[in-house]
Amino acid sequence: MSLHPRPIDPIPEATARIARQAFPKGNRYILLRDELGTIYADAEFASLFSVHGQSAISPWRLALICVMQFLEDLTDRQAADAVRSRIDWKYLLSLELGDPGFDFSVLCEFRNRIITG
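Please clarify how the overall build of the protein chain should be interpreted in this entry.
When you go through the protein chain residue by residue, the secondary structure sums to six helices and zero strands. Counting every position in the protein chain, which comprises 117 residues, the buried fraction comes to 38%. For the protein chain, restricting intrachain contacts to residue pairs at least 6 apart in sequence, the fraction spanning at least 24 positions comes to 72%.

Structure representation (structure tokens):
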């Protein structure tokens, strides 16, 4: 996989609107995004990825997913399902509501890159 660092996408309008309706007082993930932004940037992970080949899922997203996975004690499969189904996760990750997510095996591969890098 390759990494082509790019700016972090803003929160899609529909995702922000629905998240605010669902969580009018916010929750830890909405507040995290509002107060601290995304915490990570793709450039921080550039050394772990090739510059050639198929683009990888943004490492800043995968890093945040790993943090949320740890906070909620989720398996890789459960974390991947949460990315597909949870509005608050989509908000933090700047994803469209209809984003299909990714295969759960991507998380293990990302952690292995972090460990070996």
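Can you walk me through unusual backbone geometry in this structure?
The phi angle of most residues is negative, glycine excepted, and most peptide bonds adopt the trans form. Even without glycine at this site, D73 takes up a positive phi of about 55 degrees. Given the relative accessible area of 69%, D73 is considered exposed.

I keep staring at the environment of A79 and nothing clicks. Help me out?
Relative to the helices and strands, A79 resides in helix α4 (residues 76-85). For A79, the residues in contact, after removing those within four places along its chain, are I65, Q69, L74, W89 and L107.

Explain the pattern of salt bridges here, please?
Two side chains with opposite charge may pair up if their charged atoms get near one another. Within this structure, the stated rule accounts for eight salt bridges. The partner of E72 in a salt bridge is R28, with the nearest N and O atoms 3.7 Å apart. Placement of the pair is E72 in helix α3 (residues 59-72) and R28 in helix α2 (residues 28-36), with a sequence separation of 44 residues. The exposure class assigned to E72 is partly exposed, which follows from its relative accessible area of 22%. E109 is the partner of R113 in a salt bridge, and the nearest nitrogen-oxygen pair spans 3.5 Å.

It is not clear to me how the nonpolar core should be interpreted in this structure. Could you clarify?
Across soluble globular proteins, you tend to see nonpolar side chains buried next to one another. Of all hydrophobic cores here, the largest spans 20 residues; its most connected members are I65, W89 and F102. At the level of elements, α3, α4, α5 (87-92) and α6 (105-116) are the ones that each hand at least two residues to this core. Considering each element in turn, this core owes the most residues, seven residues, to α3.

Please clarify how α3 should be interpreted in this entry.
In an α-helix, one turn spans 3.6 residues, which is why side chains three or four residues apart end up on the same side. Compared with the 20 Å implied by 1.5 Å per residue over 14 residues, the 20 Å span of α3 between its first and last C-alpha is a close match. Of all 14 residues in α3, 10 are buried, a share of seventy percent or more. Within α3 the residues assigned to the buried category are P59, W60, R61, L62, A63, L64, I65, C66, M68 and Q69. Among the residues trailing α3, D73 stands out with phi positive, at a value near 55 degrees.

Would you mind going over the packing of aromatic side chains with me for this structure?
Any two aromatic rings considered together are summarised by their centre-to-centre distance and by the angle between their planes. Under the counting rule described, the total for this entry stands at one aromatic pair. Geometrically, the ring pair formed by Y29 and W89 is edge-to-face, given 5.9 Å between the ring centres and 75 degrees between the ring planes. Note that Y29 is positioned in helix α2 and W89 in helix α5, a separation of 60 residues in sequence. Considered together, Y29 and W89 belong to a single accessibility category, that of buried residues.

About the thresholds
- Residues numbered from 1 in each chain as written.
- Predicted model: local features only at pLDDT ≥ 70, side-chain atom pairs only at ≥ 80, totals over all residues.
- Heavy atoms only, no water.
- Helix = DSSP H or I, 4+ residues; strand = E, 2+ residues; numbered from the N terminus.
- Buried < 20%, exposed > 50% of the residue type's maximum accessible area, 1.4 Å probe, protein only.
- Contact = heavy atoms within 4.5 Å.
- Salt bridge = Lys/Arg side-chain N within 4 Å of Asp/Glu carboxyl O.
- Core = buried A, V, L, I, M, F, W, Y, C linked by side-chain atoms within 4.5 Å.
- Expected span 1.5 Å × (residues − 1).
- Phe/Tyr/Trp six-rings, centres within 6.5 Å; stacked < 30°, edge-to-face > 60°.

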